[in-house]
Structures are given as structure tokens and as C-alpha cells.
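Chain residues, written in single-letter form:
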Number of protein chains: 2
Amino acid sequence: MRRILSGDEWTIVQECFDDENSLFSESIFSLANGYMGGRGNFEEGYGGKTLRSFFHAGVYYPDKAQYGWYKIGYPLKNNKVINSPDIIGIKIKINGSKLDLFKNSFKNFKRILNMKNGLLKRSFIFIDKDGMQSDIIVKRFLSMHNKNLLAISYSIVPIDRSAIVEFEPYIDGNVTNSDSGEKTDCFWKEVYKDEESLVVKTKSTDFHIASTMRVKISLDNKPLNSEYISVKKGKYIGQKYIINLPKRTALKIEKFVSSFNSRNIEKNEILKLSKSDIANNSKYDFDYLLLASEKKWKKIWKKIDIKIDGDVYSQQAIRFNLFMLNSTYTGEDKSLNISPKGFTGEMYNGSTYWDTEIYCLPYFLYLDSQIAKNLLLYRFNFLPQAINNAKLLGLKGALYPMITLDGNEGHAEWEITLMEIHRNSAMAFAIYNYIIATGDTNYMVDFGFEVIANIARFWADRVIYNSENKVYTILGVTGPDEFHNNVDNNWYTNLMAKWVLNYAYKQSAWLKNKNEEKFNEICKKYNFKKEEFKKWQEISEKIFLNRKGDIFVQFDGFFEKEQLTIYDVPHDQLPVVQHWSWDRINRVSLIKQADVILGLYLLSDHFTLNEKKENFIFYELRTLHESSLSPSIYSILASHIGLYDKAFELFKKSALYDLEDINNNTEHGLHITSMGGTCLSILEGFIGLKVKDDKIQISPYLPPEWKLLKVRVIFRERLLSISISKKEISITLLKGDDMDIFIYSNKFNVNKEKCLKCRRIIYNSKN
Amino acid sequence: MRRILSGDEWTIVQECFDDENSLFSESIFSLANGYMGGRGNFEEGYGGKTLRSFFHAGVYYPDKAQYGWYKIGYPLKNNKVINSPDIIGIKIKINGSKLDLFKNSFKNFKRILNMKNGLLKRSFIFIDKDGMQSDIIVKRFLSMHNKNLLAISYSIVPIDRSAIVEFEPYIDGNVTNSDSGEKTDCFWKEVYKDEESLVVKTKSTDFHIASTMRVKISLDNKPLNSEYISVKKGKYIGQKYIINLPKRTALKIEKFVSSFNSRNIEKNEILKLSKSDIANNSKYDFDYLLLASEKKWKKIWKKIDIKIDGDVYSQQAIRFNLFMLNSTYTGEDKSLNISPKGFTGEMYNGSTYWDTEIYCLPYFLYLDSQIAKNLLLYRFNFLPQAINNAKLLGLKGALYPMITLDGNEGHAEWEITLMEIHRNSAMAFAIYNYIIATGDTNYMVDFGFEVIANIARFWADRVIYNSENKVYTILGVTGPDEFHNNVDNNWYTNLMAKWVLNYAYKQSAWLKNKNEEKFNEICKKYNFKKEEFKKWQEISEKIFLNRKGDIFVQFDGFFEKEQLTIYDVPHDQLPVVQHWSWDRINRVSLIKQADVILGLYLLSDHFTLNEKKENFIFYELRTLHESSLSPSIYSILASHIGLYDKAFELFKKSALYDLEDINNNTEHGLHITSMGGTCLSILEGFIGLKVKDDKIQISPYLPPEWKLLKVRVIFRERLLSISISKKEISITLLKGDDMDIFIYSNKFNVNKEKCLKCRRIIYNSKN
């Protein structure tokens, strides 16, 4: 955990930069606008540890998958979102010294991410090889107003004497992914280039990207019309300038790039579009363009902000979570999804995981149900691929892939891809969750039932009946806890399969009643028979859920593992995944992430308070939270069972997972999807937000460190503002009709006339 | 299973060649001489399905290992024996038609492997694009007399009219491995080339190979001094000839290549050596050189032959097994070992597996105990690496690698590399086996104890004490049955660990008594204390061996798997590994290969006849033999329990595993190591050969189809010839002193005076 960062409630500030923290801070200072994005790389390059990355959402390449032993069901291609051309780059030399913070000296380094408007600013004094100093200020943003626009302002002021400054803004298509192995190959082919534009395409998927740059130069804010040398070589274009810069004169380089990809636009149009877009935008200066983006951010913050008074540290952290999640995914494009690292690293290949359904979708439910619906439709549209995926494994129904960009399975480690089939239930649960929250039962008719029925069909085929014990078992799975692979009867997997089978059975009856025509149409399409629905119910009733006393047993044999708790692991061996061999991790009782606890969270109403408490205490002692997806869930459950100190501790772990580098792996990229979980640990945890019987329920708690917690929540066309102070809960209806709301199980009416206020119950946080 | 082959007791003959069987037959007609070898590729190339391969033993390259998720303990490099320069190639055009059996017509195809002398001969009539015919006869061998020599005789006779024949014998260093992925790269760099020699070296391991070719041409057996055009491009040298060949005149091209690698020779010497070697050899003609190799093969056959009268099919098959195994490994070079596919394919990377210790070493024990000792020393010399390998996993003692070329682990699929730790016991058992067979107890003093003690130390650290059941468990392993990964308490693994711990404990006492100085030296070197030895005994006594009634349970939860037997699998779904997803394979009770049965075979004396029978019947019904290592072990055990029909059926399955392509994967290469098992199913199975208390025991059985079975066996400086006929057993002492031998538990004396004869007990094969 390194805390090299400071800042305030709206900013992340770094004043100490060195090669040891360069990868970590590249991740932290990532920028994105949903359309494109990349790591906090330096425009001028960096000779030390760096992972230079810039991505266009959903622009991927099917790399050949390599296997030691190919097994049936493995995909032959390994899709990955690939680095798109480097558009941020500006090569700089001052008096012959290459500007490189690894190779040359510098002082007064400061980098600020302004989360309010998405501006990344960096300043330092560069010391060239002769010891001469120059003041450098670099600003950059990706426009939220115009998703194709990148803007950079790079200013250089020689302090001690005049300087010869050579600089070359460029666009470079010679980019690779660092994980492509020894025989690294470039995924891009050149299509076209001229002095300011470069068009490249991927070799096999035929994605095109056109980028056009325009450079504006000024001296002490007076525009300078300087000639440049056009550099064109391979998939690279640059504009090389040489300026004789007088002492204490400010050279400002403004680089604007407009980048379009062919995902949703005809590939022959994108060059034209990027050229006209840059022509339009380069009429303005950096600050003016920033203003437009800032305006958009203002709107976004109004919608998404979670306000915490009295604890700047938490406030900053939750804003960081909100900023990064909402700049990764803006919910406009139904064909996009949310990858665990977003635009902040190559890991996880920019692909979609079950993280979306469990950690992000419930967050968007309270923010914008249309976004949640778009996420559901993303999966609905890939139902044929999910059915094919099950077929590839010799199974009926639909098995949604573990990792995907095109609906097909995009990764193969059998212990995950073939075994972490619990993800399938997450797809069904998301539909349930959405309908409960929105009341949009039409979704079930139009899209939902096809999905849940095919998932139920999968489970019914995947179970094995144990005639000795008269139960259905699910063998050979990996639960959410990826430290234990290929286990039998993972409690979470079984629980959720049981739930899906029952839900699908009930929904079959509901749909038949609601819309028999549609019901019959679906039954015909997939050849569903009445007996099959009944069978689902039967299986659901008899699925084996192992318990030992009060403890739900994570999997068969869990208690035969070497029984360690988190206190048995010395601090210098954490995270264990970076210190212990897989062999060792596999055979002890330590858990990577919420597994049984995730089941208790999702199906909270199915269990008694005592069951939740007993299991929380048991598993929390064994959980290392070496997945970012873990602490938020534990935090929510801790709130539900009244262990508020624990809930707060785990909230902070989730909120600071990246800022404090909790798991020593932020250098690979930020944990974007788990940021949804962080928000939920406030909304569903501290505030206790829940929808039941078409009503909102809350039972707020306020951590002692906080003075006020304020959120906005959208529920069925109503916009509510909920404030929790030490003593009081105030709810204002900002939009929509009067409604009832349950606070600590008491019914209140919220209306536009006046703000609803009631006393907060002060919990003893040690109960 | 395709039976496109015929032949007799000394030959394998193919008269039907097409693209569908080309890969299969390339494997079958592989040639090797222990030093180098390759697949039965056509000299002139083949435009259809082909895997062109030629290897030098032990010349490898550390390819970068790629992982989806790197786990601690995984090697970063993936060593593989790589294709060495193609030295067999001759490009040929007849009247402008490229000679290619894929692209052009041919008839009367016949290919013969003469196992007696290692000559591969191919003849056919080639029909060029104008319909003109030419008689082609190609002969090739790798000399057993001179391990560096390859000789080819290629003869062309135009039948219908004269022909312009263009041909270009060549050496080509532009070779890759087919498994190197999309971004295939060549492992070789050029060092030197001239008209007849090419020297290349591997990029990182710095192995050098020098090859020199000499071509001799004759017309109707009269030498022809024709000029050639020297072709040199990149890592390629060729000699291009154009001959105007009169009708019915025989053009004979003799190509001799001498190839040296730098494994054991100074790299600057190898070019000189290959040049002088080829100068010496090219004085002679093909037939003369063949004679020298044939003479060597004659000696080899005298030593290794297993003679079967009355069943040509079995005779041919067992000779094929003997021929391939003994041309893969000749036992002269202690730094070499036996890879599962030898020189016949890329699969398994030319690496050493536990196959050697369990399937090959026991075979060599009866053939040449020095070879067996060399194999043991191969492992002894890699003990430091094995200790380091255990350390990498956070464990004490030594863990021998699963797959290796340099003593380090050379492969990473965690379920195999980290979990198939049963291989460790095989290393210890091989030492025990060797000492029992040879009486060479000095081996234990000089080398053996260090190895077994470090293996025992590993097991003592790897077990986990289950305080509830008061047993030691071994969790998270994969047994020999690779269909079930990451299981707990694999019976075989536990059994062999128990055995090793007990053996090492006993040997510690034995060594202390036998040679206290050496004992103290070893204890000091590895810091062994008396208490540690005692602990081994304690653990050994308490290792958990699960049984359910009479059945030894393969692993915890085996009986909870979906209970299928081999009769539940339709024929068209075999082998299941090519038809079922890994997900499905994992959760049923079907077994890939001998697992519990392997334990019963190795520690046969520890179990009652009834235990062996019950478990054989139970597991045989569930075993698919989708590893070539399986049927031989089942055959031996079937012999031991008197299920002779089954023993014979399984012997044939093992002997014909490649010739009949039992597992539909011979196209990737032959199953070389399992050929040792085939021989053992005769020696230890049918003949019942066993050493106990320093005496040989036999209890021979003769399959009804056979008239006579005759083998030679070496036992402690005695050479015995054992013949089994329908009614009689005859044993002749060919070399060495008188000795006692047990036949069906009766003691006999064998001496040089006369052949020992006794009546054979005729078993009812259905008992």
C-alpha cells in the first residue's frame, strides 16, 4: 500500500514521482470518456517503467490462443481490446536534452487530477544536461462533450537562458500489447496517412481507426505560425518543429486529436469525420474546449455525486470511484460493456465479466434504469452465442461466457472458463434485480424470459442426481473464490442455480398468464415443454446445500483443507497470490473473495439474521479480499447484520483499493467494476436501500467519522435526494409523483410539498 | 483405428497412401538412432497434410511461456526440443512436374519399414502432368553404426519416354515448430554456410548443429560426374542438377549427410567433424553404409528381441515396439532421456516425464542394468534443480519436475505441473526397483539415499494432518488419471507417498549401519536429523488411504461423480478427450489411465489377490485407456490375478496402440515410452518375471494364439534365454554363473551344463 497521493475532495494530487511508482500512478491518472481512454502516460514518453496504453472501447483483435493441452470447449481465439494508435505523444528536446523524467533531472513535480472537470495537469521544472531549468506545465483531457476529442496543452518556459526547443507531436500506429509474448506483432495495418491524419485497421477484425491531429503554437499567448517538417514513416506521422525560445518566454503547444473508429460508423467515413471534426474544434483554444467538457461533467456530477461531509479522505475516495466508473462507461452504446480494468490497462483484455451484472448493474439501477436496461440487452443480444457456448461443452440451454467481447467465450483457463459457471446465474439475477427495482415487467415478456429459461435449462442439464443422498449435486466448478478450483457443490453456485431454477419455473407460469401468445412463441422457439418447467422446480427443491452446524460449507471438503485464518498469514506474505505458490493457496482454507457471503448478500431475504451473522464471522476470518470484488460485498452484509465498524472498515478497503494499492496490483490498471460495489456499500450498505413490494426501504447508518451523507436516487420516474446527518434523515422529492417510502420499517409519504425529515436511529456499532 | 498397414514379423508395409493417412503414416515410418531422428516425411516434400520434423536429441530452445494468469511456481520458459535443419530434403521435378504425391498422380505405392536393419523403402510409379510414368524407389536410413550419418538413395526410371529431371538435394535451416503460434519465429541463426555445409545455432541456448551433404549420381549404376548449380539463400544450401534422362535409364541420387551437434562437442569443432565424416563415408555407396548399420542392428536385436511364434500380428507389433523404443534411446549418453514421443513428433517437447521411471526403466533392468543406472543418474544429477523446484512452491525437500530438459520444470499447467506430484515417488521407486533387480546396494550409498531422503522430506512437508480423523492427508493433487484434476487424497499418490516415507526411513537406518561416514556426510549436507527420519515413519503409518468396502477410492468424492462405465460411452464418442468437453470429462467416473491399478501393480506384494481382483474389475470397467500408459499396466495386473484373456486383450491394445491408432492420435507421433510398458506386459505379465530375495521368479503363461514365446533376460551378470511353449518352459544360461530360479514357486537350478526344462502349468484363462 503506497500512499504517495494527496489532494482534496475533488482532486487527486501526486507530488512525489519516481520510477518505483510510475506504473501505479499511470493507472491512477488514467482518463477516459466512454469512447476512448488510456493510462496516465507522459506525452513526451518515459524511459523507465511504463505501460503506454490507449484504447478505443470495443475495438478488439482475436489473438490466437495457445495451449499446452487443448481441451474441448476452449476457444481457439483469445479476443482482446488492443492498444490503438498513440495519439497523446509529443517528442520534446530542450537544448538537445530529450525531455524524459527517467533520464533527466527534474524538481517541483506535481500532478493533479481534477475529478470535477476531468482535467489532468502536470507541472515540474525540467533540468537539462547543462543544468539549465525550464518550467513545464502540461494539461490534458478527453472531452466528455465531444467523445472523439483529445486535447493537450504543453507549455515550456526556459528560466535561466534562451533554449532551442525541438518538439514533434505525433500519431503512432506502431503499438502492440505488452502481453503478446516474445514474438510481439503489431495488430494494425496502415490504410492511409497524410501530414495530419493516420488511418489504420486491424488485420483480421477489420476495425478502422482514423485520427487527425492539429497543432497550434503560441509564444507568450501570441499565436506563432511556424513551419514544421512532416515526418511520415511506417504507421507514424509527426510534425517536427524547432523553435528558438527566448528566456522566460512561454511556448505553448496545443495538440488536438480527433479519433473515430468504425464500430458504429461506415469505415470509409471515419477519415472525413475526423478531419472535419478537428477543423471545427481547432478553431478554439484548449481552455474553451475544456469548458464544454466541464459543462458536461457538471451535469454528470449532479446526477452521480455522493456527498460525504466531515471525512475528506472518504469523500475523495468515493469521488474517485464515481469518476472512474462513469468515465469508463456512459451507458449510451448498447454494444459496449464494462471491463474490469476499463481503459486503464491491458489486463482482462477489455472484456466483459460477470462483474457487470453483480457489481455495476445494481449501481446503475439507482442512477439510470435505462443504462441498466442497456446492460441487460447486451446479454440478451448475445443469447444465441451463449446457447452455442453451452453446446460446445455438450450442454443444453445457455451458458454465458466468462470473458467476452463478441458474445463468445474469449478466454480459456479451464478452471475459470469451464468451471466458473456461477456467472450464468448472475445474468438471471440481474434481470430479477432490474424488474424488482424498475417494475418493468415488460422486460420479462420481451427479453427476460428467454434468457432465464435458457439459463435454467443449462442448470437442469448440468446437475447430477445423487441417488444415494437423493439430492442434485453440481460437480466440478469454481466458485467466486478463485483460490479453490474444480470443487464439488460450491454453496454459492448451488444456491444460485437453485434460485434460478425456481425463478424460471415461476416466471414460466407468470408469463403464460400474462401473455400466452408470447409464452407459446418462446416455448416453440426453444422447444420448451410443460414437463421441463416442472422438472426445474423439482431440481430446485432438491439441490444440495451443504451446511455444518450454522456454517454453509463453501464446497465439499472445505473443512478438510488446512484450516488457516487471515491471522496465520504474515503481513509480508500478502497478497498471498504474489507470495505463495498456487499449490499452497489451493489447499488451505483461505478465501480470495466473497463466495458464501455473496450468496447471503444476493438472497439476503432467504436467510435469518443469525445465519448471516454466523457465516459472516466465520468467512470474514478466512477472506483475504485479494479480489477487488470482495470488500464491498462484505461491507454491505456487515451493515445488514449491524457490524457497522466492520462495514466501515471494509467500505474503506473497497473505496481505497486503488488509491492505496490495497492488493499491490494497481500498476496493472484500476479495478473499475468493483467501483460499482464501492457505491453499493454506501447505497445498499450504509443507507440500507432496498426495493421491496414496489417500495423503497432504507435504514440508514452514518459512520461516526461522517457528518453528512447525501445521495440522489432515481426510483420509478422519481428523483429523490436523501441526506443522512448525525441525527436526522431528510428526503426531498426533486422530480416525480408522491410516493411511500419505508424508513426503519415505518411508512412515510414523500411529496413535493415539503422535505420529509425523521430522526435517525443511532445504532450501537458494536452490536 | 485405421489398419492401412500390413507386413510380416520384421516389416511394416503400407500400400495405401492418401492425404487422410499421411500424418499417421509419417509417425509410423519414423526413423531414429538415439542421436537424431525424424518423422517418415517424403524427401521430395508433400503438399498435403504433413508435419515435417527432424530432431537432434536434447537440442532444445527455451520458448517464452505465455499465461492467462501467471501463478507462482510456473516456469517462465517452456523448453522444447526444436526442429533441427531439414537434412532429408531433395526437390524433384520430372518433365516440369513437381514430384509431389499430393498434387500429382501416382500408383503402386508401397512403403516398407524393415525393422531388422532400419531401412525405410518407398516405391511408386509417378505420373507426371503429361501422363508419363516414372518408376521411383527411395531408400533411407539413419546409421546405427555411425550416429551422425543419414543416407538416402533416390532412384528414378522414366518408363514411357526420356525425361528432364531437375533435382536439388538440400539442407534447410528455415525450420520452425508448428506449435509456436501465429507469430511463428525461427529458432535458428546462421553461423556458416558453403556449397555443402550449413552451420546454425539456437538463438539463446547456443546449441550449434553442423551438417554437411555429399551427393553422388549414377546412371544405370555408372557414376556420373555432373555439374550442379550451388543454391545458397538464407539458412539454406542446395545443389541443383538438371539431367536429361533417357527412357528406362535408372538415375540414382545418393545423398549422404553428416550432422553433428555441440551438446557434447566443442562448437568450433563440429563443422570440421561433419566435413571429415562425410568425406570418409561418401567413399562408399548406400548399400555398403547400410551394411555397417545393419550389422549394428543385428547385435541390438540379439539382445532385445522378443520372439513370438504362431502369431505374426503380435510378433510384428512387439518388434515395432522394440524397434522404436531402442532407436529412440540407446542408453549411451547419461545426459539424455526418453521423451514420450521420441523423435516422432513435436508433442511433449522432447522432454522427460515420469514415463521413464515407471515404464522404461523396469524394461531396461532386464536388458542392460547399466542403461537403467544411467537413467537413475540422469535424475541424481538434477537433484539440486528438484530441490529448487520444491522451494519455488514453498516446500522442503525435492520435487522432481513433471516435464523437463534441464532439470527444471519446463511446462506449466498448474493442474499437471503443480498437482501431478505423484511423479516424485516414481523417482524413489525406480531406485528401489533398480537395487532389487541388480543387488547394487552401492547405488543407495553413493547416489540413491540423497534422492529418496529429499523426496521423503518433500512428502513430509506436503501432507496436512487432519486432527479430526487423525490421519495425514494429501490435498490438491492430480493422480495419474489426468481426467480428474485437483482432487484430495488420490489413493495412488497417498499410497506411494506412504511407501516412500517408509522406505526412506528404513534406508536411513540401513545406510547408517552400512556406511556411517557417508550417512553423516549426507545428513550434514542436507541437515537431516534423527527426528526427521522418525517423523517420516510416523507420517507413513498415518497416511489416509480411503476405501469403500473392497474398493480403494481413487480420490475423495470419486463415488459422488456421475457413475458411468465405459459401456455408457457410444463408440463414436471415443476417445472422449476428442469428443467431450473438459467440463464433462471432469465430473464423471470415467478414468483416463491406470491410477489405483498402477499402485496395485507397483506395490503388488502389499495387497491380497482378492483386493487386486476386486479393484481390477471395478476400475477396468471405468478406464478408457486414453493414455498409452494404461493398457500395459492393466495387462500385467490381469496376468497377476489370472484374468489371462483380459491380459492378452490389453497387451494387444498396448502393442498396437500406434499401429492401430487406438487413441486416434498417432498422427502427432508414436507413443514411445509406453512401448516399454508393452514389453513389460510380456516380461512381468505373461512370463511373470519378478525379482525377490535376490532370485528370479517366473510363472509363465502363454496366450492360446501363441506357440512359443522366447526372451532374453539379463540378471546379475547372467544372460538367460527363456522359452515358453505350450507345454514346456526351457531356460538356458547363456552367460554367467549357475543360479537358482523360482518357477511357479518351485526352486530350480540353472547352469551351463544343460538347458532347464519344466512343464508349464496350463491356466484356465477364465479363472
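Residues numbered from 1 in each chain as written. Chains lettered and ligands numbered in written order. Predicted model: local features only at pLDDT ≥ 70, side-chain atom pairs only at ≥ 80, totals over all residues.

Engineer: Describe the overall build of chain A, with residues and values.
Structural biologist: When its secondary structure is counted, chain A shows 19 helices and 34 strands. The C-alpha atoms of chain A give 27 Å as radius of gyration, which agrees with the globular expectation for 767 residues (27 Å, within 12%). If one aligns the C-alpha atoms of chain A with their principal axes, the spans along those axes are about 85 × 60 × 55 Å. Out of the 767 residues in chain A, the part that is buried amounts to 54%. (Helix = DSSP H or I, 4+ residues; strand = E, 2+ residues; numbered from the N terminus. Rg over C-alpha atoms; globule rule 2.2 N^0.38 Å. Buried ≥ 20, exposed ≤ 12 C-beta atoms within 10 Å, placed from the backbone.)

Engineer: Give me the lowdown on the sheet that holds strand E31 (residues 728-735) of chain A, citing residues and values where you can.
Structural biologist: Sheet strands line up and pair through hydrogen bonds in the backbone, either parallel or antiparallel. Residue and element names in this part refer to chain A. With respect to topology, five strands assemble into an open sheet ordered E22-E29-E30-E31-E34, the strand pairing being antiparallel. Edge positions in the sheet fall to strand E22 (306-309) and strand E34 (756-759), since each has one partner strand and no second. Taking the axes of each pair of neighbouring strands and ignoring which way they run, one obtains an average angle of 15° across the sheet. Note that E31 and E34 share four bridges and pair antiparallel. Bridge pairing in E34 links Ile729 to Cys758. (Pairing = 2+ DSSP bridges. Axes fitted to C-alpha atoms, helices over the stretch in contact; angles between N-to-C directions.)

Engineer: Go over the interface of chain A and chain B, please, and point to the residues and values.
Structural biologist: The interface of chain A with chain B comprises 38 residues on the first partner and 38 residues on the second. With four residues, helix H14 (residues 582-586) of chain A is the single largest residue contributor to the side of chain A that touches chain B. Residue composition of the side of chain A that touches chain B, by class: ten nonpolar, 14 polar and 14 charged. (Contact = placed C-beta atoms within 7 Å. Nonpolar A, V, L, I, M, F, W, Y, C, P; charged D, E, K, R; others polar.)

Engineer: Give a description of the sheet that holds strand E5 (residues 54-56) of chain A that names residues and reports values.
Structural biologist: All names here are of chain A. What the three strands build is an open sheet, ordered E3-E4-E5; its pairing is antiparallel. Looking at which strands have only one partner, the edges of the open sheet turn out to be strand E3 (31-32) and E5. Strand direction decides the pairing type here: E3 and strand E4 (residues 36-38), joined by two bridges, are antiparallel. Residue pairing in the sheet places Ala32 in a bridge with Gly37 of E4.

Engineer: How would you summarise the relation of the copies chain A and chain B if you had to cite specific residues and measurements?
Structural biologist: Both copies of the chain are related through a single rotation about an axis accompanied by a shift along the same axis. Overlaying chain A with chain B gives an RMSD of 0.1 Å, the required rotation being 180° about an axis along which the chain moves by 0.1 Å. Read as a symmetry element, the transformation amounts to a two-fold axis. Most of the interface of chain A is mirrored in chain B: 100% of its interface residues are interface residues there too. (Least-squares fit on C-alpha atoms with pLDDT ≥ 70 in both.)

Engineer: Outline unusual backbone geometry, listing residues and values.
Structural biologist: Residues and elements named next belong to chain A. Following Leu574, the chain continues into Pro575 via a peptide bond in cis, with omega recorded as -10°. Assignment of secondary structure puts Pro575 in the loop between strand E26 (551-552) and H14. The backbone of Asn95 shows a phi angle near 50°, a positive value even though the residue is not glycine. Tracing the sequence through the fold places Asn95 in the loop between strand E8 (90-94) and strand E9 (97-98).

Engineer: Quick one: what's the story with the domain arrangement of chain A, residue by residue and with numbers?
Structural biologist: All names here are of chain A. On domain assignment, one finds that chain A holds domain 1 (12-267 + 293-302), domain 2 (311-342 + 547-686), domain 3 (368-545) and domain 4 (688-767). For domain 3 and domain 4, the distance between their C-alpha centroids amounts to 34 Å. Of all the elements, helix H9 (residues 423-438) adds the most residues to the side of domain 3 that touches domain 4, at three residues. Broken down by class, the residue content of the side of domain 3 that touches domain 4 amounts to two nonpolar, three polar and one charged. (Domains from an automatic or database assignment.)

Engineer: Residues and numbers for the confidence of the model for chain A, please.
Structural biologist: Looking at chain A as a whole, the pLDDT averages 95, with 98% of positions reaching at least 70. In the predicted assembly, ipTM is 0.90 and pTM is 0.93. (pLDDT = per-residue confidence, 0-100.)

Engineer: I'd like a description of the pairing of strand E10 (residues 105-114) of chain A, backed by residues and values.
Structural biologist: Residue and element names in this part refer to chain A. One ladder, built from four bridges, connects strand E2 (residues 11-14) with E10; its direction is antiparallel. Bridged to Gln14 within E10 is Arg111. Bridging between E10 and strand E11 (residues 119-127) involves eight bridges; their strand directions are antiparallel. Paired with Arg111 across the strands is Arg122, a residue of E11. Linkage of E10 to E11, two consecutive antiparallel strands, is achieved through a turn of four residues, within which Gly118 is found at a positive phi near 75°.

Engineer: Please provide a residue-by-residue account of the environment of Asp406 of chain B, values included.
Structural biologist: Residues and elements named next belong to chain B. Inspection of the secondary structure puts Asp406 in the loop between helix H7 (383-392) and helix H8 (414-417). Among the residues examined, Asp406 registers 18 C-beta atoms within 10 Å and is labelled partly exposed. A sequence separation of 55 residues divides Asp406 from Ser351, and the C-alpha atoms of the two residues are 9.0 Å apart.

Engineer: Before we move on, could you go through the environment of Phe558 of chain A and cite the residues and values that matter?
Structural biologist: Residues and elements named next belong to chain A. In this structure, Phe558 sits in the loop between E26 and H14. On the basis of neighbour counts, which here come to 24 C-beta atoms within 10 Å, the residue Phe558 falls in the buried class. For Phe558, the residues in contact, after removing those within four places along its chain, are Val553 and Ser589.

Engineer: Describe the pairing of strand E21 (residues 251-261) of chain A, naming the residues involved and giving the relevant values.
Structural biologist: Residues and elements named next belong to chain A. For E21, the buried fraction is high: eleven of the eleven residues fall into the buried class. Alternating positions in E21 separate into two faces, Leu251, Ile253, Lys255, Val257, Ser259 and Asn261 on one and Lys252, Glu254, Phe256, Ser258 and Phe260 on the other, with burial throughout. In this structure, strand E13 (residues 149-158) lies alongside E21, joined through eight bridges in antiparallel fashion. Bridge pairing in E21 links Tyr154 to Ile253. The pairing of strand E17 (residues 208-219) with E21 spans eleven bridges and is antiparallel. Note on E21: the bridge partner recorded for Thr212 is Ser258.

Engineer: Break down the packing of helix H18 (residues 644-655) of chain B against helix H19 (residues 672-686) of chain B for me, citing the residues and quoting the values.
Structural biologist: Residue and element names in this part refer to chain B. Viewed as axis vectors pointing N to C, H18 and H19 meet at an angle of 155°, and their least axial separation amounts to 9 Å. Taken together, the axis directions place H18 and H19 in an arrangement best described as roughly antiparallel. Crossing hand, H18 versus H19: left-handed. Taking contact as the criterion, the partners of Ala647, Phe651, Ser654 and Ala655 in H18 are, on H19, Ser674, Gly677, Thr678, Ser681 and Gly685. Per-class residue counts for the contact of H18 with H19 are three nonpolar, six polar and no charged. (Parallel < 35°, antiparallel > 145°, perpendicular 65-115°, else oblique. Left-handed = near helix turned anticlockwise from the far one by under 90°.)

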